[in-house]
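Analysis of the macromolecular model
Below are the chains, spelled out letter by letter.
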Number of protein chains: 2
Amino acid sequence: MAEALETKYAQSQLRQLNAALADGRFVSVRKLLHELASSDVALILESSPTRTRDELWELLDADFHGDVLEELSEDVRNGIITKMMPEKVVDALEEMDTDDLAETLSSLPDEVLQGILQTMGTQDRARAEQALSYGEETAGFVMNTDTITLRPDVTVDVVLRYVRLKGNLPENTDTFYVVNRTDNLIGIVPVTRMLTADPEDKISEIMDDDAEAIPVNMPDGEVASLFERYNWLSAPVVDEKNRLVGRITIDDVVDIIREDAEHSMMSMAGLDDEEDTFAPVWQSTKRRSVWLAVNLVTALLAAAVSDLFEATLSQLAVLAILNTIVPSMGGVAGNQTLTLVIRGMALGHVNMSNARWLISKELAVGFLNGMLWAVLIATVIAVWKSDFMLGVVIAFAMLINMIAAALSGATLPLVMKRLKIDPALAGSVILTTITDVVGIFAFLGTATLFLV
Amino acid sequence: MAEALETKYAQSQLRQLNAALADGRFVSVRKLLHELASSDVALILESSPTRTRDELWELLDADFHGDVLEELSEDVRNGIITKMMPEKVVDALEEMDTDDLAETLSSLPDEVLQGILQTMGTQDRARAEQALSYGEETAGFVMNTDTITLRPDVTVDVVLRYVRLKGNLPENTDTFYVVNRTDNLIGIVPVTRMLTADPEDKISEIMDDDAEAIPVNMPDGEVASLFERYNWLSAPVVDEKNRLVGRITIDDVVDIIREDAEHSMMSMAGLDDEEDTFAPVWQSTKRRSVWLAVNLVTALLAAAVSDLFEATLSQLAVLAILNTIVPSMGGVAGNQTLTLVIRGMALGHVNMSNARWLISKELAVGFLNGMLWAVLIATVIAVWKSDFMLGVVIAFAMLINMIAAALSGATLPLVMKRLKIDPALAGSVILTTITDVVGIFAFLGTATLFLV
């Protein structure tokens, strides 16, 4: 009986396993572990500290290692494989699809990978090297080679009889691909059409000959965009001679979409996409240091700008108190523009032709916001510190910085894209540097001119 | 001939259209517009300023309005519909699937929606109200009602003959659903199995009776998680009596996944998910003001903390110069932890059982990083300003703030989740407030004790 409660069943099993783990009842843990689907086992592993992870991996039957490895995120998977004997790894990888194989092998540290390749038999190694031959983050890397091909001159009836004899079809097959004698892709037939077509019809009569095929070296981000835009479930992959080499299915693309969407958010905080939330303390500390080092430099840069105005600051302590307000507002406003433009670029909305309009619009918004907040902050400060000129000074600095923030936020991603740098990663730190430097300079500079 | 160049063809058409638009050659624009797929037309509309958008909409044949509306993002779609005559809108919505209909109607401003419902004929209105009857962001809202159902006692051969007579199947059909006389879901049959099965077999013999069905009021985020985790292409939706009411296909889920993944990034900058990059200046200014207002309050709060130490600042101007360094580093480090935990929660890795371990781990990382950067900054400052005690003071403040940042970054999302507040939206502003206040207090406070 198909049950809406099935999902609840999986969830309750997860809870039971977590409870058994917490109590150290390893016999129960082992039993429950083997009742779960591979993706649920992967979820448990990813949600556990390293030591528990290793314990669970020991309890898991070797027959399931391959399935679970497929579902793990990069960091966690590498950690596990690095601790396994190469022979065990080779066994686990035997049944893996070529796209998962490529993904798994290419992310391994080089010595580990070499150790595994050397342990493999000839056939396995050939398959592994084929999978690795495509550039990472291309269509060839993501595709599966298990396509079902048809010849154009056979009838639907013949195909149906063959398929019935075969007994089953590869996972997620929703399209048959029609090739000629030299393996060139000449058409596609959706599986549903095989059901509705007259058995006497030839394949050539029922196929679509205008389907889009993906070049094997297309970047995977572009592949994901196409899938999303045209609502594809799968697409054929061809080489430069238009020969069919594989197919990409939507489940692989979904992973790419999630990673791309997360990438911006993670990068803007200076984190790696695949960062393992439960990595050991030392590993996490090391990773985040790089970003903190960069930010320390920008913080010292801002301090250096304040340093230029040491004389002014020593005369008017109130400036020291208010010094953070203008840079802070500029940073937030600029970050909004930056985030918006980065997302617009990711979605394909922003390109070189509408960029000019976008920049002038953001300038206008920056000016309006600048005026609005300049007036507001002037009022607050003038009242708080009973100093009208002080209000005017901070208002002026606010206006300048909001305009600078809007301009930077809109142009930085475009400039960085042209320089082929990832805008999400460097964009936010450069933006903050700009708004800090401009903000402090505008505020203390104007104060020096008019208040001292 | 299936061409890998097809994709290049679509791209070149887009370029041509953009060029024709820029030149004002509207006859060419009209012609090219109608050669594009609906999703490409939507892309052009979303990448254009409002006035161009309106012009393009006028040029587009009314027959395509419905298809294009389906593909537009919420803001852009609402903008267009609000400017259309209700009768035209009703015509455009006629052919729309129930899930797109629900999405389109529910996001409209209320008066516009009422105007459209009143203009609809009885049948259309019944369909619209049915589509709207499910809560937004639930499975019922996202599902399609065009399921193909089979009875368990018929043979495969009978089904095949029926399907051939029918001639075609609904879009993205990959599963047939088996129901009993009272419409209860009792099993599923993948379309591929209909091809491989013996025509003499009964449906009851070849169906899967243990498939997971989605309850009609399951939150769409959970639905998306299930699809992602188990690599589904589609899933049946049932009501509380286990009767089949619809199906959800992967293409709808892909949209949810992207929106959820972007949501965190957009929220952390204080932007709405569906924010229109090309909205008019006034609309953008209004929207961002709320976030800027909140940040102004936190900036003034930080200034108020500095204000407590006005005496200290007037005696030692160097403190004013260095005052931003400790809060800045704390903010960056805290934001890293915050982002990581938010993503961990979104992926389902972080839950109440491993939260305790996570918090203590982040505290350890905060302490290690605090020590490391305390020593580094002490050295830099002691050398720069030739003042050893100053170095010690700032080192101490740095350590305190890094620990506070780590603790806040790890616990805030968990606390907010329990309070049912969106952690991405409020988490970053609360975190910055904490690291600013603690950082400034620690620095100036310690300086007051030891340097003045």
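Note that the structure is a prediction, hence the values are computed from the model and not measured.

The helix and strand tally for chain A stands at 23 helices and six strands. Relative to the 2.2 N^0.38 estimate, which gives 22 Å for 452 residues, the radius of gyration of chain A is 29 Å and therefore markedly larger than a compact globule would have. For the C-alpha atoms alone, the extent of chain A along its principal axes is close to 90 × 60 × 50 Å. The long-range share in chain A, meaning contacts at least 24 apart out of those at least 6 apart in sequence, stands at 66%. Of the roughly 19,000 Å² of accessible surface on chain A, 56% is carried by carbon and sulfur atoms. Here chain A carries 34 positive and 66 negative side-chain charges, and the mean point of each set is 2 Å from the other.

We now examine the relation of the copies chain B and chain A. Laying chain B over chain A is done by rotating through 180° and shifting 0.0 Å along the axis; what remains is an RMSD of 0.1 Å. Interpreted geometrically, this transformation is the action of a two-fold axis. Interface overlap between copies: 100% of the residues of chain B at the interface are likewise at the interface in chain A, consistent with a symmetric, same-surface contact.

Another point: the UniProt feature "transmembrane region" (unreviewed entry) in chain A. Residue and element names in this part refer to chain A. The sites that carry the UniProt feature "transmembrane region" (unreviewed entry) are, in the present numbering, residues 290-309, 315-342, 363-384, 390-412 and 424-451. Between the first and last C-alpha atoms of residues 363-384 the distance is 30 Å; the span itself is 100% helix and 0% strand. Here residues 390-412 runs as 100% helix and 0% strand, with 32 Å between its end C-alpha atoms.

Examined against the element boundaries, Glu87 of chain A turns out to sit in helix 7 (residues 86-93). Considering only alpha carbons, one finds Glu87 of chain A and Ala197 of chain A, 110 residues apart in sequence, at a separation of 49 Å.

On to the packing of aromatic side chains, then. Following the criterion strictly, the structure yields six aromatic pairs over all chains and no others. Pairing Phe227 of chain B with Trp232 of chain B gives two aromatic rings, centres 5.5 Å apart and planes at 80°, and the pair type is edge-to-face. Following the ring pairs from residue to residue traces out a cluster consisting of Phe227, Tyr230 and Trp232 of chain A. In this structure, Lys385 of chain A is placed above the aromatic ring of Trp384 of chain A, and the distance from its NZ or CZ to the ring centre is 4.9 Å.

This part covers the side chain of Asp75 of chain B. Take Asp75 of chain B: it is sitting in helix 6 (residues 74-82). Dropping the residues within four chain positions of it, Asp75 of chain B is found in contact with Glu274, Glu275, Asp276, Gln283 and Arg287 of chain B.

In this structure, Leu322 and Ile325 of chain A together with Leu322 and Ile325 of chain B are the most contacted members of the largest nonpolar core, which totals 78 residues. Those residues in contact with Ile325 of chain A that lie beyond four places of it in its chain are Ile377, Ile381 and Met398 of chain A together with Leu296, Ala299, Leu300 and Ala303 of chain B.

Residue and element names in this part refer to chain A. Residues Asp67, Glu87, Asp91, Glu94 and Glu95 make up a contiguous surface patch of negative charge. Following the sequence through the fold, Asp91 ends up in helix 7. Classification of Asp91 as exposed rests on a relative accessible area of 51%.

So, about the interface of chain B and chain A. On the side of chain A, 134 residues touch chain B, which itself brings 134 residues to the contact. Between chain B and chain A the total buried area reaches about 12,200 Å² when both faces are included, carbon and sulfur atoms providing 64% of it. Taken together, the connections running from chain B to chain A amount to seven salt bridges. A salt bridge links Lys385 of chain B to Asp307 of chain A, with the shortest nitrogen-to-oxygen separation between them at 2.6 Å. For the pair chain B and chain A, the interface holds 22 residue pairs in polar contact (both at pLDDT 80 or more). Of all the elements, helix 17 (residues 281-308) of chain B adds the most residues to the side of chain B that touches chain A, at 17 residues. Broken down by class, the residue content of the side of chain B that touches chain A amounts to 73 nonpolar, 35 polar and 26 charged.

Here we take up the sheet that holds strand 2 (residues 175-179) of chain A. Residue and element names in this part refer to chain A. With respect to topology, three strands assemble into an open sheet ordered 1-2-3, the strand pairing being mixed. The open sheet terminates on both sides in strands that have one partner only, identified here as strand 1 (149-150) and strand 3 (185-190). Bridge count between strand 2 and strand 3: five bridges; the pairing is antiparallel. Paired with Phe176 across the bridge in strand 3 is Val189.

The next subject is the UniProt feature "domain: CBS" (unreviewed entry) in chain A. All names here are of chain A. When the UniProt feature table is mapped onto this chain, "domain: CBS" (unreviewed entry) is found at residues 143-205 and 207-265. Spanning residues 143-205, this segment combines 32% helix with 21% strand, and its end C-alpha atoms are found 28 Å apart. Spanning residues 207-265, this segment combines 46% helix with 22% strand, and its end C-alpha atoms are found 43 Å apart.

This part covers a nonpolar patch on the surface. Residues and elements named next belong to chain A. A contiguous nonpolar surface patch, about 560 Å² in accessible area, is contributed by Phe388, Met389, Val392, Leu449 and Phe450. For the nonpolar patch, the elements supplying multiple residues, two or more each, are helix 22 (388-418) and helix 23 (423-450). If you tally residues by element for the nonpolar patch, the top one is helix 22, at three residues. Leu449 gets classed as exposed once you look at its relative accessible area, which sits at 66%.

Conventions used here
- Residues numbered from 1 in each chain as written.
- Chains lettered and ligands numbered in written order.
- Predicted model: local features only at pLDDT ≥ 70, side-chain atom pairs only at ≥ 80, totals over all residues.
- Heavy atoms only, no water.
- Helix = DSSP H or I, 4+ residues; strand = E, 2+ residues; numbered from the N terminus.
- Rg over C-alpha atoms; globule rule 2.2 N^0.38 Å.
- Contact = heavy atoms within 4.5 Å.
- Areas by Shrake-Rupley, 256 points an atom, 1.4 Å probe, with all protein chains shown as cover.
- Lys, Arg positive; Asp, Glu negative; His and termini not counted.
- Charge placed at Lys NZ, Arg CZ, Asp CG, Glu CD.
- Least-squares fit on C-alpha atoms with pLDDT ≥ 70 in both.
- UniProt positions renumbered as here; feature names shortened; annotations may be inferred.
- Phe/Tyr/Trp six-rings, centres within 6.5 Å; stacked < 30°, edge-to-face > 60°.
- Lys NZ or Arg CZ within 6 Å of the ring centre and 35° of its normal.
- Core = buried A, V, L, I, M, F, W, Y, C linked by side-chain atoms within 4.5 Å.
- Buried < 20%, exposed > 50% of the residue type's maximum accessible area, 1.4 Å probe, protein only.
- Patch = residues over 30% accessible without salt bridge, like charges linked within 9 Å, V, L, I, M, F, W, Y side chains within 5 Å.
- Salt bridge = Lys/Arg side-chain N within 4 Å of Asp/Glu carboxyl O.
- Buried area = accessible area lost by both parts, 1.4 Å probe.
- Polar contact = N/O pair within 3.5 Å; in protein donor to acceptor, adjacent residues only side chain to side chain.
- Nonpolar A, V, L, I, M, F, W, Y, C, P; charged D, E, K, R; others polar.
- Pairing = 2+ DSSP bridges.

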